[in-house]
4 protein chains.
Amino acid sequence: MRQAARKHSFNNSVQLKSQRRQQRTVIDQKWQCASNVDSLEQLDTFHRAIRPYLCLAQVFGMMPLANVLSNDPQLVKFQLRSSGTFFSMLFLLLGGFKTMRLTAKLIEGGINAKNIVGVVFFSSGMIICLNFISLARGWSRLIVPWNGIDIIMLFPPYAPTKRSLRFKLLITGCTLGCLTLAEHCLYYASSYYNYSMQFLNCQANVTRVPLRGYMNKEFAGFFDNMPYNFIFIFYSFFLNFTFTFIWNFMDTFIILISIGLAQRFQQFATRVLSLANRHVTDAVWHELRMHHILLCELMDLVEANMSHIVLLSCLNNIYFICNKLLTIFTKLRYPINYAYFWYSLLFLLGRTCTVFMCASRIHEASLLPLEVLSMVPSDHWTEEVQRFTHQVNNQFIGLSGSRLFYLTRQSFFGMMATLVYYEFMLLQLDAKNNNDLPALCV
Amino acid sequence: MRQAARKHSFNNSVQLKSQRRQQRTVIDQKWQCASNVDSLEQLDTFHRAIRPYLCLAQVFGMMPLANVLSNDPQLVKFQLRSSGTFFSMLFLLLGGFKTMRLTAKLIEGGINAKNIVGVVFFSSGMIICLNFISLARGWSRLIVPWNGIDIIMLFPPYAPTKRSLRFKLLITGCTLGCLTLAEHCLYYASSYYNYSMQFLNCQANVTRVPLRGYMNKEFAGFFDNMPYNFIFIFYSFFLNFTFTFIWNFMDTFIILISIGLAQRFQQFATRVLSLANRHVTDAVWHELRMHHILLCELMDLVEANMSHIVLLSCLNNIYFICNKLLTIFTKLRYPINYAYFWYSLLFLLGRTCTVFMCASRIHEASLLPLEVLSMVPSDHWTEEVQRFTHQVNNQFIGLSGSRLFYLTRQSFFGMMATLVYYEFMLLQLDAKNNNDLPALCV
Amino acid sequence: MRQAARKHSFNNSVQLKSQRRQQRTVIDQKWQCASNVDSLEQLDTFHRAIRPYLCLAQVFGMMPLANVLSNDPQLVKFQLRSSGTFFSMLFLLLGGFKTMRLTAKLIEGGINAKNIVGVVFFSSGMIICLNFISLARGWSRLIVPWNGIDIIMLFPPYAPTKRSLRFKLLITGCTLGCLTLAEHCLYYASSYYNYSMQFLNCQANVTRVPLRGYMNKEFAGFFDNMPYNFIFIFYSFFLNFTFTFIWNFMDTFIILISIGLAQRFQQFATRVLSLANRHVTDAVWHELRMHHILLCELMDLVEANMSHIVLLSCLNNIYFICNKLLTIFTKLRYPINYAYFWYSLLFLLGRTCTVFMCASRIHEASLLPLEVLSMVPSDHWTEEVQRFTHQVNNQFIGLSGSRLFYLTRQSFFGMMATLVYYEFMLLQLDAKNNNDLPALCV
Amino acid sequence: MRQAARKHSFNNSVQLKSQRRQQRTVIDQKWQCASNVDSLEQLDTFHRAIRPYLCLAQVFGMMPLANVLSNDPQLVKFQLRSSGTFFSMLFLLLGGFKTMRLTAKLIEGGINAKNIVGVVFFSSGMIICLNFISLARGWSRLIVPWNGIDIIMLFPPYAPTKRSLRFKLLITGCTLGCLTLAEHCLYYASSYYNYSMQFLNCQANVTRVPLRGYMNKEFAGFFDNMPYNFIFIFYSFFLNFTFTFIWNFMDTFIILISIGLAQRFQQFATRVLSLANRHVTDAVWHELRMHHILLCELMDLVEANMSHIVLLSCLNNIYFICNKLLTIFTKLRYPINYAYFWYSLLFLLGRTCTVFMCASRIHEASLLPLEVLSMVPSDHWTEEVQRFTHQVNNQFIGLSGSRLFYLTRQSFFGMMATLVYYEFMLLQLDAKNNNDLPALCV
């Protein structure tokens, strides 16, 4: 049977020669890319696509990488003495200061489920930041092999994708960024409107709302202790904004990584699917299997570096969704309060859903080649094909949260069902509290 | 070993010749069917069996398909300019108007878990309708391959089924239709009886119940704003009826599709089972494996088109069951109220159960061939048989709700256990409310 | 490699001849057993072991089988015109009458979670009885193949078991029977003590407790309508006893069936395990695989006939455990009340646990051969062994509750965790009720 | 293909000869170890590493083993007449006495969720102790094969581990021991501080806190009945300490066993991983597979002896975590109370988490060889490799709690989610109770 296959391939030797010539050209190109950084810049690698986000993260002290703008992924590595590390340290210092002040205030005033949110928000921001710094330390060990696979997958026989990875990541990132900004602005609008309405209604003879009072209320009595000047106003706003950014960036980053991986698995599947009903030599199957192993190893690498961040993101999202849902039946005073509440709740739910859906696409794409494999005629059902089938069948490919759970559609469904439980219970625990509006002026 | 098998088959060559003649006749017949539409009409295809339901759905604006009565499945396709699309648009307009009016009323009067039901009912009706329109757009891509498989499965060597698919679908559809109608009538009877008893008891000197008052109460104060004439009465009744129809049609449709698919998998299994303890050539195993792949591809196609509808149906059913159960301990005034409540609750539960049981039958039928495969003697245990076994073993075949969950008996059990949780919690949240009867006259 | 194996076996041909002679003797014995009913009686078949229980069930109207005492399992079959059917009909009539009277009383007095228990107890008894009648109808289709497998498994090369199946079933059945009887007596003792203490304390000048009053209270006001004579007292006691018997018999029967099946799988595993590190011919592996298929088919047959009963048993047990747990914090008046409550609760929990543990032993025994299979040296790793391994690996063997859940240790754990949830919630719903003792005399 | 492999190996015959010489040396060494006990002492066996803990357990009456300090694992066995058994009996007697006294007090005073803790603590201590005695009875059947595998794994070709098993177990054990001691001391500090503050505040004119009063309060009115002397003080302290020790030792022991097993699986994986991309003969694969089977058999042995202890440990931890969490919102009087509460809660959570993480590492290490197996080129993809792959793929390796659940990361996640449910419900049930501080002086 195998001899027949060899004869067949022998007859096609003329065709093969031209094929080989093409292949050699492709290999030459690949080598050039791998060695020459400038030609690498022409390629739609994940490194090129994620670069703007790394820059952004560096500004906010999250990814202290040197040469973050470089074309060559090997140069982008963690350096202790760099501007990135300085930003990170500065940011951790400022954030730590704020967190400690909030904690101190909390302990003074007594803890309950509602005033603890602020401390959780800031301290989880710190933990996220530390996790990203740890990711930055291993970044070069992750991106260099990824780049290697990118170079393989960006040349024939892999078909180019309809839309470039860079474009996809840009669209996704910008959309999420805009939605985040809108949520942030709506938050200030809602809280400022509340303050000004209260001020105007309760204080007779006043027509102008003092900004300072608002600032002091918003930033937890910050200006009671600090001089009220531009620097501290900026510091307050900046810190709030940064933590919101961090909080959103974590989810965005998981989404971007997922898109990048899913794209490669999709491309791999597309190539395998294009082989349906065609005569495929054992060498090609071997090559495919090896590429599959490369992809799996990349997946393991990403998993090892990202799984803590994924766990953190899920726990974070569940906490904040539960917290938002807790006040779902609370009456609010003004339409803008409702607008903010519903917008931010839906945004939170949508973001969590997007994380799961994007991550589960990796797993789904990894299973696509099975269809073609079952169509391979028995004459060409060699050991290579069999092993390839086994490999695809038996290995779970996908992101996980520290392997405590896997990001699949089914686990998302389970998590949502659990969230509904928790919500019911929280509502019950909260049922005693009076949900009516308190008096406007005290 | 394989040579021995060949020799054996050589000895049987005379027998085989006559077999081949038969096969050729069958193939000719098949070709005729595939080409000639009239002879197609004689066959018990799924297209012929589902046709009446498509017509019905079109009347209610759900499946805007052109040539819905045609014998040829290729002609039944979505057309933008057709009576079906017109019906759909009209219906969405009227439904949208009603939904908006209800929402407006709700926001005015304040939301709670009980008065939100109407809005959920109507808006879910709209979403269902949009999903079915989307299904209609892909209908021809679904029914044409299905018809192809039907033509294969309706000729020998596949045995005909005891009862035709058309008959099964007719019986199932009519039963569900009658039960739905009975529920709808009982609803009006219960609500009219309540209204008339209240009217007669509370208003002295009256002996006749004014229909207009009932209409106004039933249709949420519709006739306060609209003139009270035959057209608007008809419109009100029609809209209520249509939405009830849509709501029930979704579940019915999933059941019908499941029966159609399960039948084919059952037929396939029957053929494989008939091969038990017989000498089967590799060619036959190959043919069976290819047919199995065809069936799996059909399953994937159905899954891709239906999974959103399945998800919607399950969420819908869970919501309405929870809602009904919430009032299970509420005291009712008249026996007819009890009759309606229990009939509608049991109908809802039974319908949900039927959806799951029918859909899970697909999965169960798909596993039947395994028994025969383990009985194949080792002499005939070729690579084909091995691959077939692997295929049947490793592939999950069955309907899912957007792949968030699969419709199996075990997931049904889990869903019921979850429903009991939710119910307990809802009862607790509701425990504060007074469940006694309110005063009859206010 | 395979040739070498053949040579090896050729050398052993002298040994084999004597083996074959032995085998022929065994086969002759088997044939004799299968044909001669009296010699069958000597064997430790499941039919012989379960026979006493079938008799017992027949007396209580549960298994209307003709010739239930016959040695020949083929004669034990359902007959419409037999004493068994008469008993069943009579019992269903009397039970139905009682159930209807209870239901009528319940509807008059108003339903709540506590007084519904009686109706659930009696109506579930009716449903159990109907399920067992349905099992009786298919009994001969089940026991005849089982007997066939028993005949195979009771002769060499299968090793005899340390304790006979009959002995095991006898011990298990008697133990459960005694515990049930003790529970039943304790129930009467507790309720009679309560009645008499109340009577003596509240009615002055009385020293003798009237039995009639107790009877009337115990049997739900039965003697208000009926004349108070010996027949009706007997009828009341008998009905109570019968339903308690039915309720316990269901679980006992599942346990007995499980022990019977687990024994066979265990014997099969023992034979396979005895082959460890020995040269085993392909023919033996083939025979083992065929026997494994026979066992699996028997399992399927049992599953098809029993799965509804298993489901019923589990739901029943969960309901009554929840119900008992609900009153766990209620204060009781006398030590005998505590004794009855704790004994019956622990008995219920223990019985449920035993059902799961016995049933899960089937699954566990079915996996034992895997160990030996992995030890087979590569020289003897033929296709037969490979297929056998696959078969054992990929098929789930075990009892299920209508395939909604499988009786394994893990599902038992899950069920217990769920029971704890339900219990917590029920306690909460019940928390408002006053759990103090009511006044003794009203 | 196989011939080519043989030729290849023939060419390397010179190399092989020297290899074989090395191997023979290793085998000689192994034999020496197995026969000579003193040279065994040089090796980093699990027996040597766990020995100190066995001694410790013996002192506290948990592991009544004779010759516990012996170098030869075969001599360490359960003996009825030994000092260990005497300690155990004495301890069980004293513990049983204390438990009965507590139970009697409890029944007198009325049961509730809070005062039942003491009885649960002491009776679970007794059950743990009995389980460990049962483990001691089977200890020699467990440690002798383990030692055999240790001897195999401590010589080439298995690489030595970076840190010795003895060191790892020492560090882990000491850390856990210190944390336990700190918890125990903090408990006394907190309770003594409470008592003395209450005494000083409520009793006027007193400056010295009487120790006797504290003793009496701490040990549940023990000195009301007993003479107040040194022996009974010591007895009280010793019993409290012993039960705390038992309670912590159980978890520690599971952790130590897990580390020991995980180390061997890790070493095995390291050896397989070192074979990546190298030519490996079938004989080596066979040897690896056999070693894998040996490891699996060891795992089964550990599982059979430990699974009840694992179940007990998990149920115990869940109960005490729930109990601690129940009082999480209770206000405490002094900072030291808070310190003790939070320290002991976090310690409990951390210990439970460590048990799961260590145990799950066994499973994870057992899957590592798969990576290399998928890299084996098709030329060397022999039946041995294939079977090895299947074995690793299809067998679940890991500790379980009586097979009711498996100790994996995913089950840990599920258990934590369940714990959150229970906690919510307990908080609700507890919500009615007043969580404010009671008056200091009564």
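In this text the structure is predicted, and so the values were computed from the model without any measurement.

Rules behind the numbers
Residues numbered from 1 in each chain as written. Chains lettered and ligands numbered in written order. Predicted model: local features only at pLDDT ≥ 70, side-chain atom pairs only at ≥ 80, totals over all residues. Heavy atoms only, no water. Helix = DSSP H or I, 4+ residues; strand = E, 2+ residues; numbered from the N terminus. Buried < 20%, exposed > 50% of the residue type's maximum accessible area, 1.4 Å probe, protein only. Contact = heavy atoms within 4.5 Å. Areas by Shrake-Rupley, 256 points an atom, 1.4 Å probe, with all protein chains shown as cover. Expected span 1.5 Å × (residues − 1). Buried area = accessible area lost by both parts, 1.4 Å probe. Salt bridge = Lys/Arg side-chain N within 4 Å of Asp/Glu carboxyl O. Polar contact = N/O pair within 3.5 Å; in protein donor to acceptor, adjacent residues only side chain to side chain. Nonpolar A, V, L, I, M, F, W, Y, C, P; charged D, E, K, R; others polar. Least-squares fit on C-alpha atoms with pLDDT ≥ 70 in both. Axes fitted to C-alpha atoms, helices over the stretch in contact; angles between N-to-C directions. Parallel < 35°, antiparallel > 145°, perpendicular 65-115°, else oblique. Left-handed = near helix turned anticlockwise from the far one by under 90°. Phe/Tyr/Trp six-rings, centres within 6.5 Å; stacked < 30°, edge-to-face > 60°. Disulfide = S-S within 2.5 Å. pLDDT = per-residue confidence, 0-100.

Turning our attention to the overall build of chain A. Looking only at helices and strands, chain A has 16 helices and four strands in total. Buried residues in chain A amount to 49% of all 442 residues. The long-range fraction of contacts in chain A, counting pairs at least 24 apart against all pairs at least 6 apart in sequence, stands at 78%. Split by element, the accessible area of chain A, about 21,200 Å² in all, is 63% carbon and sulfur.

So, on to helix α15 (residues 383–394) of chain A. In a regular helix each residue adds 1.5 Å, so 12 residues correspond to 16 Å; α15 of chain A covers 16 Å between its end C-alpha atoms and thus fits that length. Residues E384, V385, Q386, R387, F388, T389, Q391 and V392 of chain A constitute the buried set of α15 of chain A.

On the side of chain D, 27 residues touch chain C, which itself brings 26 residues to the contact. When chain C packs against chain D, the two sides together hide about 2,300 Å² of surface, and 59% of this comes from carbon and sulfur. On the chain C side of the contact with chain D, F413, Y421 and F424 of chain C bury the most area, a combined 26% of that side's loss. Linking chain C to chain D there are one salt bridge. Here E364 of chain C and R403 of chain D are joined by a salt bridge, their closest N and O atoms 2.7 Å apart. On the surface where chain C and chain D come into contact, there are four residue pairs in polar contact (both at pLDDT 80 or more). For the side of chain C that touches chain D, a count of residues per class yields 16 nonpolar, seven polar and three charged.

What follows is about the relation of the copies chain C and chain D. Once chain C has been moved 0.0 Å along the axis and rotated by 90 degrees, it coincides with chain D to within an RMSD of 0.0 Å. In short, the pair behaves as if placed about a four-fold rotation axis. A share of only 19% of the interface residues of chain C reappears at the interface of chain D, consistent with the copies meeting through non-equivalent patches.

Our focus in this paragraph is the packing of helix α6 (residues 117–137) of chain C against helix α11 (residues 230–274) of chain C. All names here are of chain C. Their axes nearest at 10 Å, the elements α6 and α11 cross at an angle of 55 degrees. Looking at the two axes, α6 sits oblique to α11. Along this stretch, α6 crosses α11, giving a crossing that reads as left-handed. Side by side, α6 and α11 meet where F121, F122, G125, M126, I128, F132 and L135 of the first sit next to N240, F243, T244, I246, W247, F249, M250 and F253 of the second. Broken down by class, the residue content of the contact of α6 with α11 amounts to 12 nonpolar, three polar and no charged.

What follows deals with the pattern of salt bridges. Tallied over the full model, the rule gives 28 salt bridges over all chains. Across the pair E384 of chain D and R289 of chain D runs a salt bridge, and its minimum N-O distance is 2.8 Å. Residue E384 of chain D is found in helix α15 (residues 383–394), and its partner R289 of chain D is found in helix α12 (residues 282–326); the two are separated by 95 residues along the sequence. Each member of the pair, E384 of chain D together with R289 of chain D, is buried. Members of the salt-bridge network, linked through shared partners, are E364 and R409 of chain A together with R403 of chain B.

Here the focus is the packing of aromatic side chains. Tallied over the full model, the rule gives 128 aromatic pairs over all chains. Ring geometry for F60 of chain D against F245 of chain D: centres 4.1 Å apart, planes inclined by 25 degrees, an arrangement best described as stacked. Pair noted here: F60 of chain D is in the loop between α4 (46–59) and β1 (65–66) and F245 of chain D is in helix α11 (residues 230–274), with a separation of 185 residues, a long-range link. The pair formed by F60 of chain D and F245 of chain D is uniform in burial state, with each residue classed as buried. Cluster of aromatic residues (ring-pair linked, three or more members): F60, F132, W139, F234, F238, F241, F245, F249 and F253 of chain A.

For the rest of this paragraph, the subject is the state of the cysteines. All names here are of chain D. Overall, the coordinates contain zero disulfides over all chains when judged by the stated rule. C185 takes part in no disulfide bond, and the closest cysteine sulfur, belonging to C178, lies 11 Å away. By relative accessible area, which is 47% here, C185 ends up partly exposed.

For the rest of this paragraph, the subject is the confidence of the model for chain A. Averaged over all residues, the pLDDT of chain A equals 81, while 84% of them reach at least 70. Interface confidence for the predicted complex, expressed as ipTM, amounts to 0.76; the pTM equals 0.82.

Mapped onto the elements of the fold, S307 of chain D is located in helix α12. The contact partners of S307 of chain D, leaving out residues within four places of it in the chain, are V302, S400, G401 and S402 of chain D.

Residue and element names in this part refer to chain C. At a closest axis distance of 10 Å, the pairing of α6 and helix α12 (residues 282–326) adopts a crossing angle of 165 degrees. It follows that α6 is roughly antiparallel to α12 by the angle criterion. In the crossing of α6 with α12, the sense of the turn from one axis to the other is left-handed. Across the interface between the two elements, V117, V120, F121, S124, I127, I128, N131, F132 and L135 of α6 pack against N305, M306, H308, I309, L312, N316, Y319, F320 and N323 of α12. A per-class count over the contact of α6 with α12 returns 12 nonpolar, six polar and no charged.

With that settled, consider the side chain of D44 of chain D. Residues and elements named next belong to chain D. Relative to the elements of secondary structure, D44 occurs in the loop between α3 (37–41) and α4. A distance of 2.6 Å separates a polar side-chain atom of D44 from the backbone nitrogen of L165. In this structure the side chain of D44 is engaged in a polar contact, spanning 3.1 Å, whose partner is the backbone nitrogen of R166.

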